[in-house]
Amino acid sequence: MNQIVLFQNISEIAQLGLPENVVKYFQTLVNDDKYGYDYFGFEGHFYLVKLGKLTGNAEAERLRVEGSRIAKSAADLKITNLQVIYNGLQVDEAFFLAEGFLLSQYQYNRFKKSAVTNSQMPNLELNSSENARFETLKLIVQSVFKARDLVNEPSNTLTATALANAFESLGKEAGFDTEILGKAQIESQKMGGLIAVNKGSQEPPSFTIMNYKPANAVNSQPYVLVGKGVVFDTGGLSLKPTPNSMDFMKCDMAGSAVVGAVLYGVAKLKLPVWVMGLVPATDNRPGENAICPGDIITTLDGTTVEVLNTDAEGRLILCDALSFAKKYDPSLVIDFATLTGAAAGALSSYGCAVMGTAADSIKNEIKESGETVYERMAEFPLWSEFGDEMKGEISDLKNLGKGAGGAQSAAMFLKHFTAYQWLHFDIAGTSFAHAPKGYIGQGGTGFGVRMMLNYFLKKYNGK
Ligand code: BES
Ligand code: MG
Ligand code: ZN
């Protein structure tokens, strides 16, 4: 018997039918302030988790972290199956615990000669009456893992072409359509930003269009998600220094990973909502032919941009995708991008920055969805002065602001290309974990996927 027992009062323990010595053991411990209490004996392994130490979203997050701690302990003890014991009032808490438990089981083994397989991870059981909700949770976790896999894959195998193919595979598995534009089509479309960033590369760029449009979609105008797909960012000729800067830049396609994973999730969950994804992808390198500081390029919508720093490349590829999105007459466009060190500097890895022109009601729902899953965001202001910084002297725009407030000036650059309700997520600080923490291991985090899926589920599930 291996169990995780949720309880509020120690008196509940006595009624659970646990072995007597287990009950006695726990009764001696309940007054300390630990998160949970573990008992390992010949009768089995028991984890007691006291509920209500905190309140609201903080308590939910505490339980996720508790779930990850138990998962690790159970794996170390080679437990194969664990049952969660809880009562009808504790269902949400059981699910928070399960969420952290499952999210912490992620491993990236693709390049390991020998590795622990998932079958060695303990299985978790909830009451069968919650099977449907548990399946939904498992699909969300799977979607997060798809994003983490993409971020963790290095750029020598995940080229822009490979990234596009990966989205196509996700579409085939989950049930959405994918169209991939190659270099020739990108050129004939006149995506000047994407072409410019790709100039220094040996690898062709790609532009992926994902489309999940179920027959029962309740919206007649799509949500369009746009993701930055820079498979590696060296900075280009404005080269980055390696330590703590370039060394983890395989994560610069994390925005695109969020987009692919959210499409995967909504399709797997069969939500009755029309969602599209657009991903411009390339690496950013100082090749022979690379764009130079001072070069002036013409983007898809005809706007000219003076490229004063080739490391501010994300905005150059995103602007083409944002212009491209107009043709779908979207109800809302949301972009995800590891765009600026400034966003990471302001909020660390604790949350992302959000900016945009969407109605307050949409912003509030999105923020609430983020809080619910602990993918928090802070809104930065789009003051017109930040836009003034991006005006060009000899071109329409330039790609570099004054430095301070870099997340906002980058966003004001993007805003120029939007003519619809729009939100921009700068996930530079939250996409890649430099050390494991709770249910997030080192590497790609999948930050943003649970927030978006939670948003779509709340709005469109059961409709
Ligand atoms: N990919 C980087 C931003 C980044 C920083 C992502 C840290 C993840 C973690 C982006 O392309 C970049 O280089 N931004 C520059 C812009 C600057 C040159 C205006 C930055 O933030 O320093
Ligand atoms: Mg850069
Ligand atoms: Zn970048």
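Everything quoted here is computed from the prediction, not taken from an experiment.

Novice: Explain the domain arrangement of the protein here, please?
Specialist: When the parts of a complex come together, some accessible area is lost, and that lost area is often taken as the interface size. Segmentation of the protein into domains returns domain 1 (2–126) and domain 2 (139–460). Domain 1 and domain 2 are separated by 36 Å when their C-alpha centres are compared. Each side of the interface is counted separately: domain 1 has 15 residues, and domain 2 has 16 residues. Across the domain 1 to domain 2 interface the summed buried area is about 1500 Å²; carbon plus sulfur atoms make up 63%. Contact with domain 2 buries surface across domain 1, with Asn57, Leu103 and Tyr106 losing the most and accounting together for 42% of the total. Applying the counting criterion to the domain 1 and domain 2 interface returns two salt bridges. In this structure, the salt-bridge partner of Glu99 is Arg450, at a minimum N-O distance of 2.6 Å. Considering every element that reaches the side of domain 1 that touches domain 2, the biggest residue donor is helix α3 (residues 56–76), with five residues. Looking at the side of domain 1 that touches domain 2 residue by residue, the class counts come to six nonpolar, five polar and four charged.

Novice: How should the nonpolar core be read in this particular structure?
Specialist: Looking at soluble globular proteins, one finds that nonpolar side chains tend to be buried together. Judged by nonpolar contacts, the single largest core of 92 residues is most densely connected at Ile4, Ile366, Phe425 and Phe456. Of the domains in this structure, domain 1 (2–126) and domain 2 (139–460) are the two that each give at least three residues to this core. The contact partners of Ile4, leaving out residues within four places of it in the chain, are Tyr47, Val49, Ile70, Leu82, Gln83, Val84, Ile85, Leu97 and Leu124. Counting 38 residues, the second-largest nonpolar core is a separate cluster that includes Val197, Val307, Leu322 and Leu414.

Novice: Would you mind going over the site of ligand 1 with me for this structure?
Specialist: Every one of the 17 residues lining ligand 1 counts as a neighbour, but Lys240, Asp252, Asp311, Glu313 and Gly341 are closest to it. Note that an oxygen atom of ligand 1 is positioned 2.8 Å from one of the side-chain N or O atoms of Glu313. Note that a nitrogen atom of ligand 1 is positioned 3.4 Å from one of the backbone N or O atoms of Thr338. Relative to its free-state accessible area of 520 Å², ligand 1 is covered by the protein chains to the extent of 79%.

Novice: I would appreciate a short explanation of the coordination of the magnesium ion (ligand 2) in the present structure.
Specialist: For a metal with four tetrahedral donors the ideal donor-metal-donor angle is 109.5 degrees, whereas six octahedral donors ideally subtend 90 or 180 degrees. Summarising the metal site, the magnesium ion (ligand 2) is bound by the protein donors Asp233 (OD), Asp311 (O), Asp311 (OD) and Glu313 (OE), whose distances to it range over 2.0 to 2.2 Å. Around the magnesium ion (ligand 2), the six donor atoms are arranged such that angles at the metal cover 70 to 166°; this shape is classified as irregular. Each donor residue of the magnesium ion (ligand 2) belongs to the same chain, and together they define the spacing D-x77-D-x1-E. In this structure, the magnesium ion (ligand 2) lies 3.2 Å from the zinc ion (ligand 3), and both are coordinated by Asp233. For Glu313, a relative accessible area of 1% gives the class buried.

Novice: When you look at the packing of aromatic side chains in this model, what are you seeing that I'm missing?
Specialist: Tallied over the entire structure, the rule returns 20 aromatic pairs. An aromatic cluster of at least three residues, connected via ring pairs, comprises Tyr25, Phe26, Tyr39 and Phe46. Looking at Arg133, its charged tip hangs above the ring of Phe95, at a distance of 4.1 Å from the centre.

Definitions and limits used
- Residues numbered from 1 in each chain as written.
- Chains lettered and ligands numbered in written order.
- Predicted model: local features only at pLDDT ≥ 70, side-chain atom pairs only at ≥ 80, totals over all residues.
- Heavy atoms only, no water.
- Domains from an automatic or database assignment.
- Contact = heavy atoms within 4.5 Å.
- Buried area = accessible area lost by both parts, 1.4 Å probe.
- Salt bridge = Lys/Arg side-chain N within 4 Å of Asp/Glu carboxyl O.
- Helix = DSSP H or I, 4+ residues; strand = E, 2+ residues; numbered from the N terminus.
- Nonpolar A, V, L, I, M, F, W, Y, C, P; charged D, E, K, R; others polar.
- Core = buried A, V, L, I, M, F, W, Y, C linked by side-chain atoms within 4.5 Å.
- Buried < 20%, exposed > 50% of the residue type's maximum accessible area, 1.4 Å probe, protein only.
- Near = heavy atom within 4 Å.
- Polar contact = N/O pair within 3.5 Å; in protein donor to acceptor, adjacent residues only side chain to side chain.
- Areas by Shrake-Rupley, 256 points an atom, 1.4 Å probe, with all protein chains shown as cover.
- Donors = N, O, S within 2.8 Å, 3.2 Å for Na, K, Ca; no water.
- Tetrahedral: all angles 85-135°; square planar, octahedral: opposite > 155°, others 65-115°.
- Phe/Tyr/Trp six-rings, centres within 6.5 Å; stacked < 30°, edge-to-face > 60°.
- Lys NZ or Arg CZ within 6 Å of the ring centre and 35° of its normal.

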